[in-house]
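Working through the structure, step by step
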Amino acid sequence: MRDETPNLADVQGNILRGYRKHLVRHLVLTVLDRRAVGNWLLDATGRDLTTHQITNAEPWDEKPSTCLNVAVTPQGLAALGIAKSAIETFPPEFVAGMASRAAKIGDVGESAPENWKPEWCSPERLHLVVTVHADTEVDREALSRQVLAVGGGQAFAVLAGLDGAGIPGGLVHFGYRDSIAQPRFMGAREALDRPDRQPLVEIGAALLGYPTPIEDVIFDVPKPEVLGFNGSFNAFRVLEQRVVAFEEFLTDSAETILASPLADQVLPAGIERTWDPPMSRLDAMRELVAAKVLGRWRNGVSVQMSPHTPTPKPPISEEQLNDFAYREDTDGARCPMASHIRRCNPRDARIVQRSTNHARRIVRRGIPYGPIYDAAQPDLPDAPERVERGLLGSFIGASLLVQFESIQYDWMNLGLLDPRITGTNDVVVGNNDPAFSCFALPVGETTIELRGFSRFTVTRGGAYLFLPSLSAIKHLGQSAA
């Protein structure tokens, strides 16, 4: 029987831990010179230590200034010399590609593949995504140049260079603090993991070849085993975030609630004066709506722990931010069933698909792109020069079908967790249309329904990627060289 503790030196480092670098560049590449690329992969996995090495998951004695990782598409496997018979041992959803699964994951209308950016519209040319993580712009540029200099600068054609930069405070463009909750894996826990009441997750949820959270299930490892074992899949997404429309939704919703006789039940009268800092009644109600649709206040405090204020007294410590459960909140009075984080991860709540509470845990890595939104100088949504901003998101797991696609289809865009939200889509990232969008905010024995909002997150491109182990990258190098 295989050891259930992975060899971290063989696992790419961005799977089990986040690097927390300020800058990222995703180089979307076509392989032009197979042999040159193969030799670079061999050099970057130990053959030539003067070449920047692909980062593995071993603990650091000293955090490096840059990290480097490689992901490959089915077309990239073929371009590197992997036989069609081996590629066909990969899961069919990976081989088919993200665009072919658009209806299942909610990429319709504006988000449909025919509206994606050009680099994602020619799958036959999309081979590798090489990701540079860096502390400074100088470091990012230097390592990017090193990658693109392979083969005398003739090894790759660059389809795109997608730059992301962290927002101070760890925020995304919608104003929320991000990356608070991640799975805590058996045998691979990070020092910065926050304790919570959820079970530790079997490593097979992230890496191929190990037991998974689903009883007696190990996901199939592509063949040959050296190619598939210790690898993972990444649903890579370029997600435009329409901040102006979202902020208008918060204002409209707050005004709707304040005009309701239930307003003081939603937010006790005067409590906003106790917040730090105090706010007007309208501004406080806007922030409450933002908290309820996400499941956390924008500073990261969960509404499950603090339903009426983002700054409770005594304060909730950093270590406690993820330490909560839903089982006793059966009607969603504290955290609505339709909130984003409850849809993504129902924790211990009673849901219709009872065996799936913890079976779909997924690793989320992401970084914002585009300029920070300035409320004092809001964008003009209908102007041709409208600013684009969003998230470069990686959703990582051992099964695209069981994890990413099931979360997107069953939970985010259908609401199959609970009959009371079935038929509604997630407010923050769901496929919403003013003709049918709805968010039900429980208030005592009734609800306030917020309706008529548009889609706030639009897919601008993406691909299903494979994150090979270091052994697999060497295998790819040998195949290509």
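What comes next concerns the included structure. Every value quoted in this text rests on a predicted model; they were computed, and no experiment measured them. (Residues numbered from 1 in each chain as written. Predicted model: local features only at pLDDT ≥ 70, side-chain atom pairs only at ≥ 80, totals over all residues. Heavy atoms only, no water.)

Along the chain, S399 falls in the loop between β7 (390–397) and α13 (400–412). For the pair S399 and E225, spaced 174 residues apart in sequence, the C-alpha to C-alpha distance is 16 Å. Those residues in contact with S399, other than ones at most four positions away along the chain, are E93, F219 and F404. A polar contact is formed between the side chain of S399 and the backbone nitrogen of V402, at a distance of 3.0 Å. (Helix = DSSP H or I, 4+ residues; strand = E, 2+ residues; numbered from the N terminus. Contact = heavy atoms within 4.5 Å. Polar contact = N/O pair within 3.5 Å; in protein donor to acceptor, adjacent residues only side chain to side chain.)

Moving on, we come to the pairing of strand β9 (residues 446–451). Of the pairings in the sheet, the one linking strand β8 (residues 438–443) to β9 comprises six bridges and is antiparallel in character. Bridging across to β9, P442 finds its partner in T447. Linkage of β8 to β9, two consecutive antiparallel strands, is achieved through a turn of two residues, within which G444 is found at a positive phi near 60°. (Pairing = 2+ DSSP bridges.)

The next point concerns the environment of G370. Following the sequence through the fold, G370 ends up in the loop between β6 (363–369) and β7. The class of G370 is partly exposed, set by a relative accessible area of 42%. A sequence separation of 33 residues divides G370 from Q403, and the C-alpha atoms of the two residues are 28 Å apart. When sequence neighbours within four positions are dropped, the list of residues in contact with G370 reads H173, E388 and R389. (Buried < 20%, exposed > 50% of the residue type's maximum accessible area, 1.4 Å probe, protein only.)

It is worth spelling out the side chain of R281 at this point. Mapped onto the elements, R281 comes out in helix α11 (residues 281–294). For R281, the side chain forms a polar contact with the side chain of D264, separated by 3.0 Å. From its side chain, R281 meets the backbone oxygen of L267 in a polar contact 2.6 Å long. In contact with R281, other than residues within four places in its own chain, are L258, A263, D264, L267, P268, A269, G270 and E272.

With that out of the way, let us pick up the pairing of strand β2 (residues 66–72). Within β2, seven of the seven residues are buried, leaving the element largely enclosed by the surrounding structure. Residues T66, L68, V70 and V72 line one face of β2 and the alternating positions C67, N69 and A71 line the opposite face, and both faces are buried. Here β2 runs beside strand β3 (residues 128–134); their pairing, made up of seven bridges, is antiparallel. Pairing of A71 across the sheet is with V129, part of β3.

Right, let's get into the packing of aromatic side chains. Inspection of every chain in the model, using the stated rule, returns 21 aromatic pairs. Measuring from centroid to centroid gives 6.0 Å for W40 and F156, while their planes differ by 90°, and the two rings are edge-to-face. Highlighted residues: W40 in helix α2 (residues 34–47) and F156 in strand β4 (residues 156–165), separated in sequence by 116 residues. Of the two residues, W40 and F156, neither departs from the other in class, the shared state being buried. Ring centres of F246 and F456 lie 5.4 Å apart, and the angle between their planes is 80°; this geometry places the pair in the edge-to-face category. In this pair, F246 is assigned in helix α9 (residues 243–258) and F456 in the loop between β9 and β10 (457–467), connecting sequence segments 210 residues apart. Through pairs of rings, three or more aromatic residues link up here, namely F174, Y176, F246, F249, F453 and F456. (Phe/Tyr/Trp six-rings, centres within 6.5 Å; stacked < 30°, edge-to-face > 60°.)

Bringing α13 into the picture now. With 13 residues, α13 extends just 15 Å between its outermost C-alpha atoms, more than 12% less than the 18 Å of an ideal straight helix rising 1.5 Å per residue. When you tally the buried positions in α13, you get ten out of 13 residues, the bulk of the element. Those residues of α13 not exposed but buried are L400, Q403, F404, E405, S406, I407, Q408, D410, W411 and M412. Next to the buried residues of α13 lie α5 (92–96), α6 (102–105), β5 (232–241), α12 (340–344), β7 and β10. (Expected span 1.5 Å × (residues − 1).)

All right, on to the environment of H173 then. Inspection of the secondary structure puts H173 in the loop between β4 and α8 (225–228). A distance of 2.8 Å separates a polar side-chain atom of H173 from the backbone oxygen of Y369.

D276 connects to P277 through a cis peptide bond whose omega is 5°. The residue after K313, namely P314, is reached through a cis peptide bond having omega 0°. Relative to the helices and strands, P314 is located in the loop between α11 and α12. Even without being a glycine, N230 presents a positive backbone phi close to 70°. Within the secondary structure, N230 is located in the loop between α8 and β5. One non-glycine residue with positive phi stands out, namely R347, at about 55°. Topologically, R347 is positioned in the loop between α12 and β6.

Counting residues in each nonpolar core, the largest one holds 135 residues, and the members touching the most others are W40, L128 and F249. With eight residues, α11 is the largest single contributor of residues to this core. When neighbours within four sequence positions are excluded, F249 is seen to be in contact with V289, V293, V427, L450, F453 and F456. (Core = buried A, V, L, I, M, F, W, Y, C linked by side-chain atoms within 4.5 Å.)

What follows covers α9. The end-to-end C-alpha distance of α9 is 22 Å, a good match for the 22 Å that 16 residues give at a rise of 1.5 Å each. Buried residues of α9: V243, V244, F246, E247, F249, L250, S253, A254 and I257, and no others. Residues of α9 that are buried sit in contact with β5, α10 (263–266), α11, β8 and β9.

None of the figures reported here should be taken as evidence of function without further support.
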